Amino acid sequence: MNALLLFADGKAQDLSIFSPASPPAESIRDLSILIFVITGLIFLIVEGVLVYCLVRFRQGAKSPTEPAQVYGSRPIEIAWTAAPLLIVTIVALVSARTLWDVTADPPKPQGGDRTLFVTVIGRQWWWEYHYDSYDGRPLGFVTANELHIPASEDGKPRPVFLMLKSADVYHSFWVPRLAGKTALIPGRTNSMWLQTSEPGIFLGQCAEYCGTQHANMLIRVNVDSPLEFERWLVEQAKPAAEQPAVNKDRDVFLAQSCVNCHRVRGTAAAGSYAPDLTHLMSRQTLGSGMIPNDPDGKNLRAWIADPQTVKPGCLMPAFGLSNEQLSSIVRYLRTLH
Ligand code: CUA
């Protein structure tokens, strides 16, 4: 079973583009159905004529000579040039309109701007989210892999506008029930938007081959009620939980090379190359959606002990830590709620 589906149940397991929960996903579903209908009709007509001819004009062994041959027909030539041209034009126009719908700015809600702006950075093989602003207020914190967004409630739309960038290679952000795939290309900024009134978890994944662990570059979107989302924003904006001045576990963590890549806001760990760990324990999974971030810390320990056994090829090496160091680091990280 796909790791993507392991830690989800019910509706979250639904990855079908035919059950959209967001206007861009609806546009894409509608376009898909239209294309299926058009191509289905063409298939039926072509195969129908073929089968009809096979049956109707079959001579069998009765006639040893060839039937009369027909060379050229202007009306037929015109018909089979004009008809495909017309169909292709219609398909191109409808596709262009859908493309416009899914990439344009989110619709401005009436009476206030409840838009959430997030910059998504694709990295081998995880996602970095910069929360830029919400409802006109600047935010400015960074988190990883699990995107939280507010649900539209009481007829008040809460659109989410994503700016997509890449730190290394070509990736593609895809949560099928919320929006179509959008590429993250080095040196370029793409944009997409989504909006849903359905709270819960929506799963997705990187949809462009980007190296060894492309298949485990998973996305979790948590759609929170507006109230829950506000609470989450307040928690995430805080620096790491206060620690006593003397804290052996924290000091063990800060003494290791973890701090060169990871950031824990409010401490000396200020790396920006790997996921921000300031609120690590508020996430449900580790390794970009691969394994549950279990409350007793077993998976966290296994991950730090040797990331390469969990996610072979990932950019975090094993540091050959002693059991004691490992326990200290896990204990410290588990305080990061
Ligand atoms: Cu990132 Cu595939």
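None of the values given here were measured: they were computed from a predicted structure. (Residues numbered from 1 in each chain as written. Predicted model: local features only at pLDDT ≥ 70, side-chain atom pairs only at ≥ 80, totals over all residues. Heavy atoms only, no water.)

Overview of the overall build of the chain
A count of helices and strands for the chain gives nine helices and 12 strands. Taking 2.2 N^0.38 as the reference for a compact globule, 337 residues should give roughly 20 Å; the C-alpha atoms of the chain span a radius of gyration of 27 Å, well beyond that estimate. When the backbone C-alpha atoms are referred to their principal axes, the chain occupies close to 100 × 55 × 40 Å. A total of 337 residues make up the chain; the buried ones form 44% of that total. Pairs at least 24 residues apart make up 61% of the contacts formed inside the chain by residues separated by at least 6 positions. Of the roughly 18,000 Å² of accessible surface on the chain, 62% is carried by carbon and sulfur atoms. Side chains of the chain carry 30 positive and 31 negative charges; the gap between the two charge centres is 3 Å. (Helix = DSSP H or I, 4+ residues; strand = E, 2+ residues; numbered from the N terminus. Rg over C-alpha atoms; globule rule 2.2 N^0.38 Å. Buried < 20%, exposed > 50% of the residue type's maximum accessible area, 1.4 Å probe, protein only. Contact = heavy atoms within 4.5 Å. Areas by Shrake-Rupley, 256 points an atom, 1.4 Å probe, with all protein chains shown as cover. Lys, Arg positive; Asp, Glu negative; His and termini not counted. Charge placed at Lys NZ, Arg CZ, Asp CG, Glu CD.)

A few points about unusual backbone geometry
Between Q124 and W125 the backbone carries a cis peptide bond, its omega angle lying at -10 degrees. Inspection of the secondary structure assignment puts W125 in the loop between β1 (116-123) and β2 (126-134). The backbone of N145 sits at a positive phi, close to 70 degrees, despite the residue not being glycine.

Comments concerning the packing of aromatic side chains
In the structure shown here, the tally under the stated rule is 10 aromatic pairs. Centroid distance Y52 to F57: 6.2 Å. Interplanar angle 90 degrees. Geometry classified as edge-to-face. Taking 5.5 Å as the distance between ring centres and 70 degrees as the angle between the ring planes, the aromatic pair formed by F117 and F161 counts as edge-to-face. Taken together, the residues F117 in strand β1 and F161 in strand β5 (residues 160-166) connect sequence positions 44 residues apart. Note on F117: relative accessible area 27%, which makes it partly exposed. One residue, K181, lies across the ring of W174, its end atom 4.6 Å from the ring centre. (Phe/Tyr/Trp six-rings, centres within 6.5 Å; stacked < 30°, edge-to-face > 60°. Lys NZ or Arg CZ within 6 Å of the ring centre and 35° of its normal.)

Looking at the state of the cysteines
If you walk through the whole model with that rule in mind, you get zero disulfides. With no disulfide of its own, C261 lies closest to C258 among cysteine sulfurs, the gap being 8.9 Å. We classify C261 as partly exposed; its relative accessible area is 29%. (Disulfide = S-S within 2.5 Å.)

Let's talk about the pairing of strand β6 (residues 171-174)
Here β6 pairs with strand β7 (residues 182-184) via three bridges, running antiparallel. The residue bridging S172 from the neighbouring strand is A183, located in β7. Across two bridges, the pairing between β6 and strand β9 (residues 200-206) is antiparallel. The residue bridging F173 from the neighbouring strand is C206, located in β9. (Pairing = 2+ DSSP bridges.)

Details of a nonpolar patch on the surface
Among the surface-exposed residues, F18, I33, F36, V37, L41, F43, L44, I45 and V49 lie close enough to one another that they form a single nonpolar patch of about 920 Å² accessible area. Position of L41 among the secondary structure elements: in helix α2 (residues 23-56). (Patch = residues over 30% accessible without salt bridge, like charges linked within 9 Å, V, L, I, M, F, W, Y side chains within 5 Å. Salt bridge = Lys/Arg side-chain N within 4 Å of Asp/Glu carboxyl O.)

Remarks on the nonpolar core
Counting 33 residues, the largest nonpolar core has Y131, L162 and F173 as the members making the most contacts within it. Those elements that place two or more of their residues in this core are β1, β2, β4 (146-150), β5, β8 (190-194), β9, β10 (218-224) and α4 (226-237). Ranked by the residues each element gives to this core, the list is headed by β2, at four residues. For F173, the contacting residues outside a window of four places in its chain are V120, W127, Y129, L147, L162, L164, G180, K181, T182, L184, M192 and I219. (Core = buried A, V, L, I, M, F, W, Y, C linked by side-chain atoms within 4.5 Å.)

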